[in-house]
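So you can see what is in the structure, the chains are spelled out below.
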Amino acid sequence: TRQRVDVRGNVLVDKWCRTCRLWRPPRASHCSKCNRCFFRFDHHCPVTGTCIAQANQRFFVAFLGSSSAAAACATAQGVVCVHALFAAAENDGGSESAWTNPLTLLVMAYIATMACIAFIV
């Protein structure tokens, strides 16, 4: 470790990264998957395949928000589609239930998947 003093008089302790061969400032961490050091390292995201750190954190939050909004819109569209399938089955004379239609089951599985993505993410 090495110590240095910043402009405000605070003592900062830098650590040596053996892999990158450089001094890491406080709050910097090494990612074993990316094999790089990142300032204010948060986590390595397996979905995007990158490390989330100070430089790209706001883009990651925007990605999470837009993917959640897209999944919520897809869920709403699926609900409207299932409602239309049930309405068409009722107007058809009721000879066949909407639950026996494979398209209804497929759309409901899609709704469940999108709802899980929208509310878990």
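### As for helix α1 (residues 57-91)
Okay, step 1: In this model, α1 (35 residues) spans 51 Å end to end at C-alpha, consistent with the 51 Å of a helix rising 1.5 Å per residue.
Okay, step 2: Listed as buried for α1 are F60, S68, A71, A74, T75, G78, V82, L85 and A89.

### A short note on the packing of aromatic side chains
Okay, step 1: Enumeration according to the criterion identifies three aromatic pairs in this entry.
Okay, step 2: Ring geometry for W16 and W23: centres 5.3 Å apart, planes at 70 degrees, overall edge-to-face.
Okay, step 3: For W16, a relative accessible area of 41% translates into the label partly exposed.
Okay, step 4: Seen in terms of ring centroids, F60 and F63 are 6.4 Å apart; in terms of plane orientation they differ by 35 degrees. Their pairing is tilted. With F60 and F63 both in helix α1 and three residues apart, this pair spans about one turn of that helix.

### Let's talk about the pairing of strand β5 (residues 36-39)
Okay, step 1: Sheet analysis places strand β4 (residues 28-31) next to β5, joined by four bridges and oriented antiparallel. Paired with C31 across the bridge in β5 is R36.
Okay, step 2: Here β4 hands over to β5 after four residues, with N35 in that stretch at a positive phi of 60 degrees.

### Things to note about the side chain of R24
Okay, step 1: Structurally, the position occupied by R24 is in strand β3 (residues 22-24).
Okay, step 2: Despite its burial, R24 remains without a salt bridge, the nearest opposite charge being carried by D14 at 8.7 Å.
Okay, step 3: Those residues in contact with R24, other than ones at most four positions away along the chain, are D14, K15, C17, S29, H30 and C37.

### Thoughts on the confidence of the model for the protein
Okay, step 1: Per-chain confidence: the protein averages 83 in pLDDT, with 89% of residues scoring 70 or above.
Okay, step 2: No element of the protein has a lower mean pLDDT than helix α2 (residues 102-120), which averages 77, and none a higher one than strand β7 (residues 50-52), which averages 92.

### Some points on the sheet that holds strand β2 (residues 11-17)
Okay, step 1: Strand order in the open sheet formed by three strands is β1-β2-β3, with antiparallel pairing between adjacent strands. Of all strands in the sheet, those with a lone pairing partner are β1 (2-5) and β3, marking the two edges. On average, each strand axis in the sheet is tilted by 40 degrees relative to the strand beside it, whichever way the strands run.
Okay, step 2: For β1 and β2, the ladder comprises four bridges, and the chain directions are antiparallel. Among the inter-strand pairings, Q3 is bridged to a residue of β2, identified as V13.

### Thoughts on the environment of Q57
Okay, step 1: By secondary structure assignment, the location of Q57 is in helix α1.
Okay, step 2: Measuring from C-alpha to C-alpha, the distance between Q57 and R40 comes to 9.6 Å, with 17 residues separating the pair along the chain.
Okay, step 3: Apart from the residues lying within four places of it in its own chain, the contact partners of Q57 are D42 and I52.

Rules of the game
Residues numbered from 1 in each chain as written. Predicted model: local features only at pLDDT ≥ 70, side-chain atom pairs only at ≥ 80, totals over all residues. Heavy atoms only, no water. Helix = DSSP H or I, 4+ residues; strand = E, 2+ residues; numbered from the N terminus. Expected span 1.5 Å × (residues − 1). Buried < 20%, exposed > 50% of the residue type's maximum accessible area, 1.4 Å probe, protein only. Phe/Tyr/Trp six-rings, centres within 6.5 Å; stacked < 30°, edge-to-face > 60°. Pairing = 2+ DSSP bridges. Lys, Arg positive; Asp, Glu negative; His and termini not counted. Salt bridge = Lys/Arg side-chain N within 4 Å of Asp/Glu carboxyl O. Contact = heavy atoms within 4.5 Å. pLDDT = per-residue confidence, 0-100. Axes fitted to C-alpha atoms, helices over the stretch in contact; angles between N-to-C directions.

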